[in-house]
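What follows is the residue order along each chain.
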Amino acid sequence: MSTRWIKIAGGAGLAAGAAAVSYPILFRGKCLNWGARPDEISRELPGDDLLTNADIVATRAITVDAPPGDIWPWLVQMGSGRGGAYTYDWIEDLFGLGMHSADEILPQFQDLNMGDEIPLGPGRPSMRVEVFEPERALTLRFEDQNWVWTFALFPEGAATRLVSRNRIATPHASVAMRLVGLLVMEPGSLVMEQKMLRGIKERAQRLARQGAQRYLCRSR
């Protein structure tokens, strides 16, 4: 190996080492709790009791200028072959999930109920609806019981706080896999979930505006 490549490899190793040291100390809290306020991070949400021994807890949130009723339809139609995940479809497709984010309410997927299963993708585990409180909370649990995902809605005046919480257990992960999860999967999940929350916000606010316009037309 030439001196040049030795220097490159050494630099890459130092960079990886710096990331491994700095991320947990400086950036992990911001990554796992993007957009969430301290009271939202500490607040107990429906479904928390389904996985009490979580190794990873991520609470992320966003303010939506719309009432819960304009957010809820986008949540209940999520899933592969349904309304998608409102994130980067091309990334989802790289993993074979077949997600195609809808830009409209799909009536055929609005009748979600407790115990229903939502597909994650062809050949992938499904998610089971464990908490179903219309316009308040939706909790999904993955087949392996090691991942619980809750969406909760909290009205604040004319707006709503949309809070997403992931609780994940990794009981059988090796040290190497835990390191990959820490340095790759966690930051990656932030990129995807930011896009999702912003996508839901955009769609819900558009729906709210359309409702307001219809009301104005009727009142004239």
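In this text the structure is predicted, and so the values were computed from the model without any measurement.

Draft legend 1. Representation of the pairing of strand 5 (residues 147–156) within the structure. Pairing geometry for strand 4 (residues 137–142) and strand 5, over five bridges, is antiparallel. Considered in strand 5, the bridge of L138 is made with F151. Here strand 4 folds back onto strand 5, and the loop between the two strands holds four residues, one of which, Q145, carries a positive phi near 70 degrees. Relative to strand 6 (residues 159–168), strand 5 runs antiparallel, the two sharing ten bridges. Across the sheet, V148 pairs through a bridge with R167, a residue of strand 6. Linking strand 5 back to strand 6 in an antiparallel pair, the connection comprises two residues, with G157 at a positive phi of about 65 degrees.

Draft legend 2. Layout of the sheet that holds strand 5. Strand order in the open sheet formed by six strands is 1-6-5-4-3-2, and the pairing between neighbours is antiparallel. Of all strands in the sheet, those bounded by a partner on one side alone are strand 1 (56–64) and strand 2 (117–118). Sitting on the sheet, helix 3 (residues 68–76) is in contact with strand 1, strand 3 (127–133), strand 4, strand 5 and strand 6, with an inclination near 165 degrees to strand 5.

Draft legend 3. Main features of a nonpolar patch on the surface. Judged by side-chain polarity, W90, L94 and F95 come together as a nonpolar surface patch covering roughly 420 Å² of accessible area. Note on placement: L94 falls in helix 4 (residues 89–94). Looking at L94, the relative accessible area reads 62%, which means it is exposed.

Draft legend 4. Highlighting the pattern of salt bridges. Enumeration over the complete set of coordinates arrives at twelve salt bridges. Of the charged contacts in the structure, one is a salt bridge between E40 and R161, with a shortest N-O distance of 2.7 Å. Highlighted residues: E40 in helix 2 (residues 38–42) and R161 in strand 6, separated in sequence by 121 residues. R161 shares its class with E40; the two are buried.

Draft legend 5. The arrangement of unusual backbone geometry in detail. Despite not being glycine, Y86 shows a phi value in the positive range, around 60 degrees. If you trace the backbone, Y86 turns up in the loop between helix 3 and helix 4.

Thresholds, definitions, all that
Residues numbered from 1 in each chain as written. Predicted model: local features only at pLDDT ≥ 70, side-chain atom pairs only at ≥ 80, totals over all residues. Heavy atoms only, no water. Pairing = 2+ DSSP bridges. Helix = DSSP H or I, 4+ residues; strand = E, 2+ residues; numbered from the N terminus. Contact = heavy atoms within 4.5 Å. Axes fitted to C-alpha atoms, helices over the stretch in contact; angles between N-to-C directions. Patch = residues over 30% accessible without salt bridge, like charges linked within 9 Å, V, L, I, M, F, W, Y side chains within 5 Å. Areas by Shrake-Rupley, 256 points an atom, 1.4 Å probe, with all protein chains shown as cover. Salt bridge = Lys/Arg side-chain N within 4 Å of Asp/Glu carboxyl O. Buried < 20%, exposed > 50% of the residue type's maximum accessible area, 1.4 Å probe, protein only.

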